[in-house]
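# Coordinate analysis (summary)
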Amino acid sequence: MLTTLLTDLARQSLAGLRLLLVLTVVLGIGYPTAVWGVGQVLGDRAAGQPVTLDGEVVGSRLLGQQFEDDELFRSRPSANDHDSLASAPSNLGPSNEDLLDLIAERRAEVAEREGVDPAEVPADAVTASGSGLDPHISPEYAALQAPRVARAAGLDLAEVEDLVEEHTDGRGLGFLGEPGVNVLELNLALVERRG
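Please read these numbers as outputs of a predicted model, since none were measured by experiment.

Another point: the pattern of salt bridges. Enumeration according to the criterion identifies eleven salt bridges in this entry. Arg74 is the salt-bridge partner of Asp70, the closest N and O atoms lying 3.3 Å from each other. Here Arg113 and Glu109 are joined by a salt bridge, their closest N and O atoms 3.6 Å apart. One end of the pair, Arg113, and the other, Glu109, are both in helix H2 (residues 97–114), four residues apart, so they sit about a helical turn from each other. What emerges from the salt-bridge pattern is a single network uniting Glu109, Arg113, Glu114 and Arg148.

In structure tokens, the structure reads:
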């Protein structure tokens, strides 16, 4: 009886060890290699869609970043200073006094910088996205900034508005989400235009 028990235990242990080895090869080597291979076929999409200027990586099409220069378009505010390692919202609710004060402060700041009435400032100019890393702004926020950018960059307003139009993405599949303007790509186009 003890021999039968030990034989069964050895047989089950060997079956478990074989299963462990097979799953290690399939899930530990095969699957990651397949995902890596698909990523290589997709090109820069698997590498974070880096954006280069003069051969140097200056950002990613997928991540927002801070721009302070008056000659450039500003991104949405970020609850985490555009830190990709700290991607998160502020977790302040819509009735939180701190959030309401921050939005009012941002609205006044944007209105003063752009020379408009505070009521004209769009929501994405004063509120952070859920991740704090959204690379897009609304076409309305881009249009609000266009006169300042044109003046500071020494470009014609119509030229800047054309660049905004060229860099405005439509809705996904024609009906999902809202149109958006990728700020990094727009700013790079401005830099190239200025020469």
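Back to the write-up after that little detour.
What follows is about helix H3 (residues 139–153). Compared with an ideal rise of 1.5 Å per residue, which puts 15 residues at 21 Å, H3 spans 19 Å between its outermost C-alpha atoms and is within 8% of the ideal. Roughly 40° is the biggest bend found in H3, and it falls at Gln145, with proline Pro147 one to four residues downstream. Those residues of H3 lying buried are Tyr141, Ala142, Leu144, Gln145, Ala146, Arg148, Val149, Ala150 and Ala153. Packed against the buried residues of H3 are H2, strand E3 (136–137), helix H4 (157–166), strand E5 (180–182) and helix H5 (183–194). Where H3 terminates, the next one or two residues include Gly154, which has phi positive at roughly 70°.

Together, Asp156, Glu161, Asp162, Glu165 and Glu166 make up a negatively charged patch on the protein surface. Within the fold, Glu161 resides in helix H4.

The next thing to look at is the side chain of Ser60. For Ser60, the location among the structural elements is in strand E2 (residues 56–60). Looking at Ser60, its side chain comes within polar contact range of the main-chain nitrogen of Leu62, at 3.0 Å. Apart from residues lying up to four places away in sequence, Ser60 is in contact with Gly48, Gln49, Pro50, Val51 and Leu184.

With that out of the way, let us pick up a nonpolar patch on the surface. Residues Leu19, Val22, Leu23, Val26, Leu27, Tyr31 and Val35 make up a contiguous nonpolar surface patch of about 670 Å² in total accessible area. Residue placement: Leu27 occurs in helix H1 (residues 2–42). Classification of Leu27 as exposed rests on a relative accessible area of 54%.

Here we come to the side chain of Ser129. Topologically, Ser129 is positioned in the loop between H2 and E3. Only 3.4 Å separates the side chain of Ser129 from the backbone nitrogen of Asp134, close enough to count as a polar contact. Sequence-distant contacts of Ser129, defined by excluding residues within four places in its chain, comprise Arg76, Pro77 and Asp134.

Moving on, we get to the nonpolar core. Residues Phe73, Val160 and Leu190 are the most contacted members of the largest nonpolar core, which totals 30 residues. Within the residue set of this core, elements represented by two or more residues are H2, H3, H4 and H5. Among the elements that line this core, the one with the most residues is H3, at seven residues. Setting aside anything within four residues of it in sequence, one finds Phe73 in contact with Phe67, Ala142, Gln145, Ala146, Arg148, Val149, Val160, Val164, Val183, Leu186, Asn187 and Leu190.

About the cut-offs
- Residues numbered from 1 in each chain as written.
- Predicted model: local features only at pLDDT ≥ 70, side-chain atom pairs only at ≥ 80, totals over all residues.
- Heavy atoms only, no water.
- Salt bridge = Lys/Arg side-chain N within 4 Å of Asp/Glu carboxyl O.
- Helix = DSSP H or I, 4+ residues; strand = E, 2+ residues; numbered from the N terminus.
- Expected span 1.5 Å × (residues − 1).
- Bend = angle between axes of the 7 residues up to and from the residue.
- Buried < 20%, exposed > 50% of the residue type's maximum accessible area, 1.4 Å probe, protein only.
- Contact = heavy atoms within 4.5 Å.
- Patch = residues over 30% accessible without salt bridge, like charges linked within 9 Å, V, L, I, M, F, W, Y side chains within 5 Å.
- Areas by Shrake-Rupley, 256 points an atom, 1.4 Å probe, with all protein chains shown as cover.
- Lys, Arg positive; Asp, Glu negative; His and termini not counted.
- Charge placed at Lys NZ, Arg CZ, Asp CG, Glu CD.
- Polar contact = N/O pair within 3.5 Å; in protein donor to acceptor, adjacent residues only side chain to side chain.
- Core = buried A, V, L, I, M, F, W, Y, C linked by side-chain atoms within 4.5 Å.

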